[in-house]
Structures are given as C-alpha cells and as structure tokens.
Amino acid sequence: MLCSIVPPDLLLDLGVDARQLEQASVIRTQRTLLAAAQRSLNLRLTLDEEAPGLLRTIYDAGHGSFGSLPGVKVRGEHDPATTDEAVNDAFDNAGRTYAFYKEIFDRDSMDDRGMELVSSVHFETDHNNAYWNGFQMIYGDGDGEVFLRGCFPKLLDVVAHELTHGVTDFTAGLVYSKQPGALNESFSDVMGALATQYALGQTADQADWLIGKGCFGPAIAGEALRSMKQPGSAHPHDRQPAHMRDYLDLPDDGDPRNDHGGVHLNSGIPNHAFYLAATALGGYAWERAGRIWYVTLTERLGPVSQFDDVVEATVAVAGELYQADSDEQKAVRSAWQQVGLLP
Ligand SMILES: [Zn+2]
C-alpha cells in the first residue's frame, strides 16, 4: 500500500489525471511486499549496533516517477540549506517531526532506533500528492491549481502525517484497508496535528484542528484537506463522517472512489473522538490525550485492529496512565460515546 495525504476520491472529484490514480494502485501492491520485507529486516537490525539520532537525507526526484526513486542526493544532515525551497522545507519539517517524537515520547525516529529520514522532492511533474512508501517520504510539487506549488513539504502536519505512517508500520502495523486503514490514517492525522501544535506552542483550544490548511490552489474553495473539529466541513467535496451513524461501509475493491474501504473518510470518526478528548482535557493536547493515543498505537494494537479495539485500548491506557475514573479516562470514554462508539 501507498499511504497518501490526499484521498483518491477527492482527486477524482477534482479531475486529476487518471494515470496518477492507476499508478497509486500498482504501488499499493508493491507497498504491501515492501512492508513485509521491512518488518523482517527490522528483526535482523535489532541484532546490530544501535545508531540513534537525527539523520535526514533529501533527494531530488528530478520529476521522475516511482522507478527512479529516491533520485539525486541534494542535502544531508550536516549540509547547509540549498536554494531549493522544497528541499529545505522537507529537511526542516522532518527535523520538527523528529523533535516532536523525541521530546514528547522519547521516540528515536520511526523505528525508535534512529532510522534515517529519507525524502524525495519534485516527484513527477505537477503531482498533486505526498506519500510514505514504506521506506521514504515522497513529495509532489502540486500543479498550482488544485494544490499550491510546494505546499506538501512546507506543511508540518503533512510531513508529520507521512512520517507517522512509518511509526505505525514499525508498531501496530495497521493494514491500509477499511477500519484498520481508517485508524492508520487517523493516527497520522492526530500526530500531524500534535506535531504542529507542539511546534507552535498551541493549547487544544488555540489549535484549528485542520490538516493541510492552506494547501488548496485556486481551483478549489476549501480551507484544508480535513477537519478534526468538524469532519466533513474542510472543503466542498469533504464527506468525512464525524459519528458512527454516518459510517461509510465501502468495499476495498481498487476503485479510487472507495478509498481502500474509506480509509481517508471514516478516519473522521476517530479523528473527532481525539479532538473531543483533547479539548475536554484542555491544555497541551500532546501531554495527556496524545500520550494515551501514542501508547495505544505503539503498544496495544495489531494489523487488523478495529475501531472497537481502539476504544477499549484507549480507555484502558487512560486508566493505567492516570488511574481508573480519572479525568483523563472520563474524557476518553465520553469522546467515544459522543461519536457513537460507546453506549
Ligand atoms: Zn496518510
């Protein structure tokens, strides 16, 4: 699978090149094989000496496609800034995401063993998406109409969203289909929002809870890609549900309109639950709600976990971290009740 920031059904609605969508489906198959290889490789790497610390490498894909990744190396960890804004944005936001995970959760990169953060910019020509392919981040330039040029590496929530797919690969391993896929997407949005709030020093009340704010070009009158505060309201084509009564039971049949069984759609429900828990608790969302979600993702879930499993796990983790019937556990339980996942 290829985890993207922009959902395929939205690209269809906007009339984006069908070839871009076909490619994504081919890559999805490759992605599944890569993930399996990565997991077995990871087991072997545990025997090696650890190499912790921040290590970023940025490549220029030179408008080439998946076959030519990563491209030409243009900036390493100790190199100065270049004249290419996309290169510097990808570098800086990978660093901010690393700092968020290290300082808040004491996590050393995606694998917690200092994995190199590899990014390729200028993927294809005018490409309207950003991806995590199991090994690296990939950024299109945007066509300047649907998405503003250079917006993907520029937005910290987009970068942290993609890197969190890497964290998920190394921990819960949630498959990119139906409910596990929607949870995979939701954890990426949650951590993307938290990394941004942390960088800006925002409390839960001060945050806008938007993902991809300001990325749309003149062709679409939308504020952002998604809203955790009000799923379904971010742009005119936004059909994310915020409650289980509106859950979209779509097949995972390869049709881009069905979005792998609604992974970017039904993620609105757990996204909204996180927003409700975080704002009920107040203060910095990464401190309590964020910790509960992080422990759940990294220690309590598996590849086929469903919404109900996350409900049960977050309530249990809240009780373990903050005691039974603590404000934290009550806020988490109430959040799931409000989105229809607990009676
Ligand atoms: Zn994603």
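A brief report on the enclosed structure follows. Predicted model, so just to flag it, every value in this text is computed and none were measured.

**Digging into the packing of aromatic side chains**
Any two aromatic rings considered together are summarised by their centre-to-centre distance and by the angle between their planes.
Here is step 1 of the chain: This model, assessed by the stated rule, comprises 18 aromatic pairs.
Here is step 2 of the chain: On the basis of an interplanar angle of 80° and a centroid distance of 6.2 Å, the ring pair of Phe-123 and Tyr-131 is categorised as edge-to-face.
Here is step 3 of the chain: With a relative accessible area of 0%, Phe-123 lands in the buried category.
Here is step 4 of the chain: A relative accessible area of 4% means that Tyr-131 is categorised as buried.
Here is step 5 of the chain: Aromatic side chains Tyr-247 and Phe-307 sit 6.0 Å apart centroid to centroid with 90° between the ring planes, which places their arrangement in the edge-to-face category. In this pair, Tyr-247 is assigned in the loop between β8 (226-227) and α7 (259-262) and Phe-307 in helix α10 (residues 307-322), connecting sequence segments 60 residues apart.
Here is step 6 of the chain: The class for Tyr-247 is partly exposed, based on a relative accessible area of 22%.
Here is step 7 of the chain: Its relative accessible area of 2% is what places Phe-307 among the buried residues.
Here is step 8 of the chain: Positioned over the ring face of Phe-91 is Arg-56, at 3.7 Å from the centre of the ring.

**So, empty space enclosed by the protein**
Here is step 1 of the chain: Going through the model one piece at a time under the given rule, you end up with three cavities of 30 Å³ or more.
Here is step 2 of the chain: The computed volume of the largest cavity comes to approximately 90 Å³.
Here is step 3 of the chain: Contributing to the lining of the largest cavity are Pro-7, Asp-9, Leu-10, Leu-225, Arg-226, His-235, His-237, Asp-238, Arg-239, Gln-240, His-264 and Leu-265.
Here is step 4 of the chain: Split by domain, the lining of the largest cavity shows at least three residues from each of two domains, domain 1 (3-170) and domain 2 (178-338).
Here is step 5 of the chain: Taken as a whole, the second largest cavity encloses approximately 70 Å³ of empty space.
Here is step 6 of the chain: Considering the residues around the second largest cavity, the lining is formed by Thr-97, Tyr-98, Tyr-101, Arg-107, Ser-109, Met-110, Leu-117, Leu-163 and Val-167.
Here is step 7 of the chain: Elements that contribute at least two residues to the lining of the second largest cavity include exactly α3 (85-105) and α5 (156-170).
Here is step 8 of the chain: Of all the elements, α3 adds the most residues to the lining of the second largest cavity, at three residues.
Here is step 9 of the chain: Residues of the lining of the second largest cavity, tallied by class, amount to six nonpolar, two polar and one charged.

About the cut-offs
- Residues numbered from 1 in each chain as written.
- Predicted model: local features only at pLDDT ≥ 70, side-chain atom pairs only at ≥ 80, totals over all residues.
- Heavy atoms only, no water.
- Phe/Tyr/Trp six-rings, centres within 6.5 Å; stacked < 30°, edge-to-face > 60°.
- Buried < 20%, exposed > 50% of the residue type's maximum accessible area, 1.4 Å probe, protein only.
- Helix = DSSP H or I, 4+ residues; strand = E, 2+ residues; numbered from the N terminus.
- Lys NZ or Arg CZ within 6 Å of the ring centre and 35° of its normal.
- 1 Å grid on protein atoms, 1.4 Å probe; cavity = no way out; pocket = protein on both sides within 12 Å on 5 of 7 lines; lining within 4 Å.
- Points joined across faces, edges and corners; volume = space filled by probe spheres on them.
- Domains from an automatic or database assignment.
- Nonpolar A, V, L, I, M, F, W, Y, C, P; charged D, E, K, R; others polar.

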